[in-house]
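The chain contents come next:
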Amino acid sequence: MEVTLKFLIGVAALSVIIGLYSPWRMLWWMSRQNRLLVLKYYGIPLAVLGLIYLLFYGY
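All values reported here derive from a predicted model rather than from experimental measurement. (Residues numbered from 1 in each chain as written. Predicted model: local features only at pLDDT ≥ 70, side-chain atom pairs only at ≥ 80, totals over all residues. Heavy atoms only, no water.)

Student: In this structure, what is going on with the nonpolar core? I would like to understand it.
Tutor: Note on soluble globular proteins: their nonpolar side chains tend to be buried together. Listed in full, the seven residues of the largest apolar core are Val-16, Met-26, Leu-27, Met-30, Leu-37, Val-38 and Tyr-42. Among the elements that line this core, the one with the most residues is helix 3 (residues 35-57), at three residues. Setting aside chain neighbours within four positions, we find Val-16 in contact with Val-38, Leu-39, Tyr-42, Gly-43 and Leu-46. (Core = buried A, V, L, I, M, F, W, Y, C linked by side-chain atoms within 4.5 Å. Buried < 20%, exposed > 50% of the residue type's maximum accessible area, 1.4 Å probe, protein only. Helix = DSSP H or I, 4+ residues; strand = E, 2+ residues; numbered from the N terminus. Contact = heavy atoms within 4.5 Å.)

Following this line, the structure appears as structure tokens:
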């Protein structure tokens, strides 16, 4: 479970980094692509997954 959680955190972090650099690469299916939407679709799950990891696997 820990490995899967780390993988998902890594994918979400990479998606946020790519999306902040060029939003259209991560939001290609939407009519509007901006950095705020990248943070909404990829940043919120990154924060939630990070909190779950900290709660279950500690420091």
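Student: So what exactly am I meant to see when it comes to a nonpolar patch on the surface here?
Tutor: Taken together, Met-1, Ile-44, Val-48, Ile-52, Leu-55, Phe-56 and Tyr-57 make up a surface patch of nonpolar side chains, about 790 Å² in accessible area. Under the relative-accessibility criterion, Tyr-57 is labelled partly exposed at 34%. (Patch = residues over 30% accessible without salt bridge, like charges linked within 9 Å, V, L, I, M, F, W, Y side chains within 5 Å. Areas by Shrake-Rupley, 256 points an atom, 1.4 Å probe, with all protein chains shown as cover. Salt bridge = Lys/Arg side-chain N within 4 Å of Asp/Glu carboxyl O.)

Student: How should I be thinking about the side chain of Ser-15 in this particular structure?
Tutor: With respect to the secondary-structure elements, Ser-15 resides in helix 1 (residues 2-21). Owing to a relative accessible area of 9%, Ser-15 belongs among the buried residues under this scheme. A polar side-chain atom of Ser-15 sits 2.8 Å from the main-chain carbonyl oxygen of Val-11. In this structure Ser-15 touches Met-26, Val-38 and Tyr-42, once residues within four positions along its chain are discounted. (Polar contact = N/O pair within 3.5 Å; in protein donor to acceptor, adjacent residues only side chain to side chain.)

Student: Just checking my understanding: could you explain the packing of aromatic side chains for this structure?
Tutor: Where two aromatic rings form a pair, the distance of their centres and the angle of their planes describe that pair. Per the stated rule, a full pass over the model turns up three aromatic pairs. Measuring from ring centre to ring centre gives 5.9 Å for Trp-28 and Trp-29, while their planes differ by 85°; the resulting arrangement is edge-to-face. Look at Trp-28 and you get exposed, because its relative accessible area is 65%. Residue Trp-29 is classed as partly exposed on the basis of its relative accessible area, which comes to 45%. With a centroid separation of 5.4 Å and an interplanar angle of 40°, the aromatic rings of Tyr-53 and Tyr-57 are classed as tilted. Linking Tyr-53 with Tyr-57, this pair stays in helix 3, spanning four residues, or about one helical turn. Ring pairs connect the aromatic residues Trp-28, Trp-29 and Tyr-41, which therefore count as one cluster. (Phe/Tyr/Trp six-rings, centres within 6.5 Å; stacked < 30°, edge-to-face > 60°.)

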